[in-house]
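# Secondary and tertiary structure notes
This is what each chain is made of:
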Amino acid sequence: MSFKYTSVKKEDTYALIALAQNGDSNAKEQIVEQNTGLVKNIALKFLGTGYELEDLLQIGFMGLLKAIDRFDVHFNVMFSTYAVPMILGEIKRYMRDDGRIKMSRQLKLDIRSMKQFQEEYYNQKGVSPKLSELAEMMGVDIARIVEIIDASDALSNLESLDHPDRQETPLSESYLEAEDKAVDRIHLKMIIGKLTDRERQIITLRYFKDMTQQQIAEKIGISQVQVSRIEKKVLESIRKDMLAK
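Below is a summary of the structure that appears in this document.

The rules behind these values
Numbering of residues starts from 1 in each chain and follows the order in which that chain's sequence is written. Only residues with pLDDT of 70 or above have their local features reported here, since the model is predicted, and side-chain atom pairs are shown and tallied only from 80 upward, although totals for entire chains, interfaces and linings are computed over all residues. Side-chain metrics rest on all non-hydrogen atoms present in the structure, leaving aside hydrogens and water. For helices the rule is a DSSP run of H or I covering at least 4 residues; for strands it is a run of E covering at least 2, with both sets numbered from the N terminus onward. The buried label goes to any residue with under 20% of its type's maximum accessible area, the exposed label to any with over 50%, and the partly exposed label to all in between, with areas taken from a 1.4 Å probe on protein chains only. Areas reported as accessible are Shrake-Rupley estimates using a 1.4 Å probe. Residue values count occlusion only from the protein chains shown. In protein, a polar contact requires one atom able to donate a hydrogen and another able to accept it; more generally it is a pair of N or O atoms within 3.5 Å, and residues adjacent in sequence count only if both atoms are side-chain atoms. Note on definitions: a residue-residue contact is assigned when non-hydrogen atoms from the two residues lie within 4.5 Å.

Take the overall build of the protein next. Looking only at helices and strands, one finds 12 helices and 0 strands in the protein. What you see in the protein, going N to C, is helices and strands ordered as α-α-α-α-α-α-α-α-α-α-α-α. Within the protein, buried positions represent 36% of all 245 residues. On the protein, roughly 14900 Å² of surface is accessible, and the fraction owed to carbon and sulfur atoms is 50%.

Below, the structure written as structure tokens:
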């Protein structure tokens, strides 16, 4: 039986992945083609670090291939949702293991200027400047500000690897922490997708509907003690998975 590679619906992607995991190279190529834009968008976030886009893309595709090999349909999430942290992790691991951040002299000067503008703005107004305000102060467009921020963050991460006891927080963190939180939400969604129907129902009612354990017990017809036991088990499982991310 042949499989026609024309649709990107979740069910068809699951079928493609099953074929790829069983050695079908055509299916794997189709999945890679479908997610080329995803890999490129992630790789572009790291351009400010001085690495060539081609190198970043190659590493990103390695993460995508790992995602294809490790994906389980029981995660009950879109494949792209699962692939994002895998691709990000592979690129960040490569940069960490490479042990160097390549930056031009101009980029280093821009990082220094940006930090100075941020500090002056914060001292005057008590809040951090927006990207648009930074761009206006430095006389560049927002795309350049994002590039400078990415480079600053990469440099700070490298310094933290060299000095693990250092507690300094990079000034760019306020802008970039949203991306890390988004990845955490993706990972959490994957974990929740692996829960049983009852476990997922209890967690949803407890933490998204703000119901008490007793209210949940009455709603689904079990005891409050059972709800408590299931909740505790699930939270411990989620905690372990998030720490292992």
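After that view of the structure, there is still more to cover.
By the element assignment, Glu133 lies in helix H7 (residues 131–138). Considering only alpha carbons, one finds Glu133 and Phe117, 16 residues apart in sequence, at a separation of 9.8 Å.

Inspection of the secondary structure assignment puts Gln213 in helix H11 (residues 213–220). Side chain to side chain, Gln213 and Glu231 meet in a polar contact 2.7 Å long. Sequence-distant contacts of Gln213, defined by excluding residues within four places in its chain, comprise Arg206, Gln224, Val227, Ser228 and Glu231.

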